[in-house]
Amino acid sequence: MRALVMASVVLWLSACDEARPPELPGGEGEPPAESGPVVPAEVSWNGLSPQVRPTPPLPPLVGSADVTYVPEGARGLSEVTAVEVRLRVSGIVGSASVDAELLAPGPAAYEKHTRKVEAVPTEQRELVFSLPVAGTNIPFHGLSGSWEARFFVDGVPLTTATFTLDR
């Protein structure tokens, strides 16, 4: 009886493969072949994997700006009451911060405006930034010359527009 128990234990242990390292695919000692990038898959509750669809690329962030003088046709410091810069932007995903820097002739920024914009990538948004001229330091200090409006979306440069205020 003892020999029978011993034979069954030896047979049982020989069937166990825990002590041996797993064999690599492709034969003995060969590294596995490159299989390429791993594609993520969703697994549903029933164990079936639905087909993974690639997400379409988002449209690029695009902007353009136009300048309007108020009153129309005025260009002189004593004539212009305000300058309006209209920014049209598309490609915003969700919520974004749009900054407008209005630069006077010279090294420093004159004004900075910030607006929060919410949009879907396919929508175009129009923002109007107004620079008052009459009754401000612009005519008082004679800030005539070429001005620049720079636009940024979440800190990334978008577009620029220039306008001139004459003496």
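Residues numbered from 1 in each chain as written. Predicted model: local features only at pLDDT ≥ 70, side-chain atom pairs only at ≥ 80, totals over all residues. Heavy atoms only, no water.

## Brief notes about the overall build of the protein chain
Piece 1. Of the regular secondary structure elements, the protein chain holds two helices and seven strands.
Piece 2. Starting at the N terminus, the α and β elements of the protein chain follow one another as α-β-β-β-β-β-α-β-β.
Piece 3. Buried residues in the protein chain amount to 26% of all 167 residues.
Piece 4. Across the protein chain, contacts joining residues at least 24 apart in sequence account for 55% of those joining residues at least 6 apart. (Helix = DSSP H or I, 4+ residues; strand = E, 2+ residues; numbered from the N terminus. Buried < 20%, exposed > 50% of the residue type's maximum accessible area, 1.4 Å probe, protein only. Contact = heavy atoms within 4.5 Å.)

## Comments concerning the pattern of salt bridges
Once the charged atoms of two side chains with opposite charge are near each other, the side chains can pair.
Piece 1. Applying the stated criterion across every chain, the model contains six salt bridges.
Piece 2. Close ionic contact of R88 with E126 constitutes a salt bridge, the shortest N to O distance being 3.8 Å. Of the two residues, R88 is situated in strand β2 (residues 82-90) and E126 in strand β5 (residues 124-132); the sequence distance between them amounts to 38 residues.
Piece 3. Here E126 falls in the partly exposed class, since its relative accessible area comes to 46%.
Piece 4. A salt bridge links E123 to R125; the shortest N-O distance between them is 3.0 Å.
Piece 5. With relative accessibility at 32%, the residue E123 sits in the partly exposed group. (Salt bridge = Lys/Arg side-chain N within 4 Å of Asp/Glu carboxyl O.)

## Observations regarding the sheet that holds strand β1 (residues 62-70)
Piece 1. Across the sheet, which stays open at both edges, the three strands sit in the order β1-β2-β5 with antiparallel pairing between neighbours. The sheet terminates laterally at β1 and β5, the two strands that pair on one side only. When strand polarity is set aside, the average angle formed by the axes of neighbouring strands in this sheet is 20 degrees.
Piece 2. Pairing of β2 with β5 involves nine bridges; the strand directions are antiparallel. Its bridge partner being in β5, E84 is matched across the sheet by S130. (Pairing = 2+ DSSP bridges. Axes fitted to C-alpha atoms, helices over the stretch in contact; angles between N-to-C directions.)

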